[in-house]
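Observations on the three-dimensional arrangement
Each chain, letter by letter, is given below.
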Amino acid sequence: MTPLDYGVLALYFAVVLLLGGVFFRRQKSLREYFLGSRNIPWWAAACSGIATMASAVGYLGAPGQAFRSDLTYLQLRLAVLPAMAVICLLLIPFFYRLDVYTAYEYLEKRFDLKTRLLASTLFMLLKCFYLGIVIYAPALVVAQMTGFSMTWVLVTTGVLTTLYTMLGGIRAVIWTDSLQLGVLLAGVFAAATTILSRVEGGISRVFEVADAGGKLRLADFSTSFQTEFTVWGGLIGGTFFMLAQYGVDQAELQRFLTTSSIRNSRRAVIGTLIVTSVYGVILFLLGSALYVFYLQHPEKGGLATHPDRVFPKFIVEELPVGIRGLVIAGVFAAAMSTVSSVLNSLTTVTLADFYQRLRASQATVRLARTVTVLIGGLATGIAFYGDSFGGLLVASGRISNFFGGSLAGVFLLGMLTRRATGTGAFLGALTGFTAVALLAAFTRVSWVWHAVFSATVAFASGLLFSLAFPPAPSERLRGLVVGLQESKCEEVRTCP
């Protein structure tokens, strides 16, 4: 690292903290702190959603996955259209019209308190472990590049992100995410340009050599559930994977619910899904290009490097002065945008679903800031065990599918059936979670199918258990089940 690289990195940190401070005095209520008073532009919400999903896990893990294997992971993108349809046509209208802080408030309105608390608990477990991976990921680059200890880098990432999230609430999260997305994309562009300029023969040679080495294999039509990535797993498993990620995940939903209308929320969802899909393809092709580069230059030792460390190795050894600092800032931006969004959503769930609901007392912005700091400290602690989760990208997907499938199943059970009851849904969620835990422990079924399995078990068993209990009256379900909506309002000011 040269003084110029450090200068670029310091400028990035300064601007991010400044944005957090700018919004500090505007946080007068929890509605402002968590929802931005619902007047955030849809494109800013989309940028935040993209930045949240374009985490350092993907920034480093996607090139590593392509370098290690091929492009078959991208079969999960086959699920974009069906997932987009379910989220935009079913989930967003429900959550928006109910005017809730968290998605899990819907479960109490539809079922009961215990179902809401169970879902909130599953979400918090999912995101705490996920945060650990996200904070750990950039430390791989910075520690390798600067010689700083992993401890120092982990603590710095966790503390700085927690600080600006605590200060500025959801507005700071969204607007810093928008800035960070720009830095992240600039870093990817700079790295891709440098790699292609260093490969003999340019982009055409990259595709030729990568294809000959099997790195461009994209489709696998295997019907085996044990094959990790297949067309059918991508289409079916990927749909539930995306529903768990974008449809019932508070970290994503919270961005979409900050806009001024259902229409704008849908625009934010569509923009997020499309751009993140394109971005993912670019990162995977970056990994293929890295494979060709190190194949042409075996003396550099890239082929013997751990896949998750290949991109950091290239950054350290090959990028020019200044550009190196920009790409490192991009790695931090990818991590911090995700951490800030998830921190804010975890605070929202903690206060709305637990503190205010169980204590029957109103939380304050000061308490929200305190909780943000505590959760940030917990996530930073988990990050010290980040190397035990395996490959970054796959580890992230495994965690999301393991916890998220049952949540998706319970939400669909509530929205699509009138006969489901609170106790039935609660038992169904527990059954789905137990079933996927057993599936993961005792079979070799690919993790891509875990969300499908747990969602199906949660839905079916929840409906079956519900038959043992009296159904809720139709009047109570109005506005909570498909076919029993109260209104078709589009603007927040006209919603019931």
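The next point concerns the overall build of the protein chain. When helices and strands are counted, the protein chain shows 19 helices and zero strands. Relative to the 2.2 N^0.38 estimate, which gives 23 Å for 496 residues, the radius of gyration of the protein chain is 22 Å and therefore close to what a compact globule would have. Counting only C-alpha atoms and orienting by the principal axes, one finds that the protein chain spans roughly 70 × 55 × 35 Å. The burial tally for the protein chain puts 61% of its 496 residues in the buried class.

Here the focus is the packing of helix H8 (residues 150–198) against helix H13 (residues 310–318). The geometry of H8 relative to H13 is characterised by a closest axis approach of 12 Å and an angle of 75° between their N-to-C directions. Accordingly, the angle class assigned to the pair H8 and H13 is roughly perpendicular. Of the residues in H13, those touching H8 at Ala191, Thr194, Ile195 and Arg198 are Phe311, Phe314 and Glu318.

The relative placement of two packed helices is expressed as an angle between their axes plus a distance between the axes. Two elements in contact, helix H12 (residues 262–296) and H13, have axes whose closest approach is 11 Å; the angle formed by their N-to-C orientations is 60°. Here H12 lies oblique to H13, going by the angle between them. Every pair of crossing elements has a handedness; the one defined by H12 and H13 is left-handed. Every residue of H13 that contacts H12 at Leu286, Leu290, Phe293 and Tyr294 is listed here: Val310, Phe311, Lys313, Phe314 and Glu318. Residues that form the contact of H12 with H13 fall into these classes: seven nonpolar, no polar and two charged.

Side chains carrying opposite charge are able to pair once their charged atoms draw close together. Scanning the model with the defined rule gives 12 salt bridges in all. Asp220 is the partner of Arg217 in a salt bridge, and the nearest nitrogen-oxygen pair spans 3.4 Å. Given the relative accessible area of 15%, Asp220 is considered buried. A salt bridge links Lys300 to Glu318; its shortest N-O distance comes to 3.3 Å. Of this pair, Lys300 sits in the loop between H12 and H13 while Glu318 sits in helix H13, and the two are 18 residues apart along the sequence. Overall, the relative accessible area of 25% leaves Lys300 in the partly exposed class.

On to helix H10 (residues 231–247), then. Taken as a whole, H10 carries its principal kink of about 35° at Gly238. Taken across its 17 residues, H10 has 14 buried, putting it largely inside the fold.

Positionally, Thr348 belongs in helix H14 (residues 323–359). Residue Thr348 is classed as buried on the basis of its relative accessible area of 0%.

What follows deals with the packing of aromatic side chains. Evaluated as defined, the whole model comprises 18 aromatic pairs. Ring geometry for Phe241 against Trp447: centres 6.0 Å apart, planes inclined by 75°, an arrangement best described as edge-to-face. Placement of Phe241 in helix H10 and of Trp447 in the loop between helix H17 (422–442) and helix H18 (450–466) is noted, with a sequence separation of 206 residues between them. We classify Trp447 as buried; its relative accessible area is 2%. One aromatic cluster is present, built from ring pairs that chain together Phe94, Phe95, Tyr104, Tyr106, Phe123 and Phe411. Across the ring face of Phe426, the terminal group of Lys114 is positioned such that the distance to the ring centre comes to 5.9 Å. Here the basic side chain of Lys215 rests over the ring of Tyr291, its NZ or CZ set 4.8 Å away from the ring centre.

Basis of the calculations
- Residues numbered from 1 in each chain as written.
- Predicted model: local features only at pLDDT ≥ 70, side-chain atom pairs only at ≥ 80, totals over all residues.
- Heavy atoms only, no water.
- Helix = DSSP H or I, 4+ residues; strand = E, 2+ residues; numbered from the N terminus.
- Rg over C-alpha atoms; globule rule 2.2 N^0.38 Å.
- Buried < 20%, exposed > 50% of the residue type's maximum accessible area, 1.4 Å probe, protein only.
- Axes fitted to C-alpha atoms, helices over the stretch in contact; angles between N-to-C directions.
- Parallel < 35°, antiparallel > 145°, perpendicular 65-115°, else oblique.
- Contact = heavy atoms within 4.5 Å.
- Left-handed = near helix turned anticlockwise from the far one by under 90°.
- Nonpolar A, V, L, I, M, F, W, Y, C, P; charged D, E, K, R; others polar.
- Salt bridge = Lys/Arg side-chain N within 4 Å of Asp/Glu carboxyl O.
- Bend = angle between axes of the 7 residues up to and from the residue.
- Phe/Tyr/Trp six-rings, centres within 6.5 Å; stacked < 30°, edge-to-face > 60°.
- Lys NZ or Arg CZ within 6 Å of the ring centre and 35° of its normal.

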